[in-house]
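Examination of the molecular architecture
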Amino acid sequence: MWFEGISAQTRIGRVARGGNVAEGLTERLVRAEREAGFHERDMSAFQRERIDLEHRVARMEAELEALRRRRLEAYARWWNARDDRDRALHVCRRLRRRIDRSRRRAAED
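Note that this is a predicted model, so its numbers are computed, not measured.

Right, let's get into the overall build of the protein chain. Summing up its helical and strand segments, the protein chain has two helices and zero strands in all. Among the 109 residues that make up the protein chain, the fraction classed as buried is 3%. Accessible surface, the protein chain as shown: approximately 10200 Å² in total, 57% of it carbon and sulfur.

Below, the structure is given as structure tokens:
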């Protein structure tokens, strides 16, 4: 665990310093507080970045939804145009057959 190193270092400090534990602990406390401050600043920067990315993701998801809707609408327009084309071609075939029949009848008479 991360705190086991702290207690082990305290014992070494007591033996090495001959009883001036408070000063050694104070130095370690200052270093630990400074390190905590660095981490706090990092956390703030990461939090701002995360919030910014969340906003960007939300905008992109909204844009993606709009694009998907447009894609479906474009496909529906294509499908309707295809149906209209097929109907028009069907009418053309029927009219050609009718013209051909009427020409054959006129040629027979």
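This brings us to a positive patch on the surface. Together, Arg93, Arg94, Arg97, Arg98, Arg101, Arg104 and Arg105 make up a region of like positive charge exposed at the surface. By secondary structure assignment, the location of Arg97 is in helix α2 (residues 21-108). Under the relative-accessibility criterion, Arg97 is labelled partly exposed at 47%.

The final tally for this structure, using the stated rule, is four salt bridges. Arg87 is paired through a salt bridge with Asp84; the nearest N and O atoms lie 2.8 Å apart. Of the two residues, Arg87 and Asp84 both sit in helix α2, three residues apart, roughly one turn of that helix.

Turning our attention to the packing of aromatic side chains. Two aromatic rings are characterised by how far apart their centres lie and by the angle between their planes. Summed over all chains, the structure comprises three aromatic pairs. Between Tyr75 and Trp79, the ring centres sit 6.1 Å apart and the planes meet at 35°, which makes this aromatic pair tilted. With Tyr75 and Trp79 both in helix α2, this residue pair falls four residues apart, about one helical turn. For Tyr75, a relative accessible area of 48% corresponds to the partly exposed category. On the basis of an interplanar angle of 55° and a centroid distance of 6.2 Å, the ring pair of Trp78 and Trp79 is categorised as tilted. The partly exposed category is assigned to Trp79, whose relative accessible area is 37%. Feature note: the residues Tyr75, Trp78 and Trp79 constitute an aromatic cluster, connected by ring pairs.

Rules used throughout
Residues numbered from 1 in each chain as written. Predicted model: local features only at pLDDT ≥ 70, side-chain atom pairs only at ≥ 80, totals over all residues. Heavy atoms only, no water. Helix = DSSP H or I, 4+ residues; strand = E, 2+ residues; numbered from the N terminus. Buried < 20%, exposed > 50% of the residue type's maximum accessible area, 1.4 Å probe, protein only. Areas by Shrake-Rupley, 256 points an atom, 1.4 Å probe, with all protein chains shown as cover. Patch = residues over 30% accessible without salt bridge, like charges linked within 9 Å, V, L, I, M, F, W, Y side chains within 5 Å. Salt bridge = Lys/Arg side-chain N within 4 Å of Asp/Glu carboxyl O. Lys, Arg positive; Asp, Glu negative; His and termini not counted. Charge placed at Lys NZ, Arg CZ, Asp CG, Glu CD. Phe/Tyr/Trp six-rings, centres within 6.5 Å; stacked < 30°, edge-to-face > 60°.

Geometric descriptors of this kind do not, in isolation, establish any biological role.
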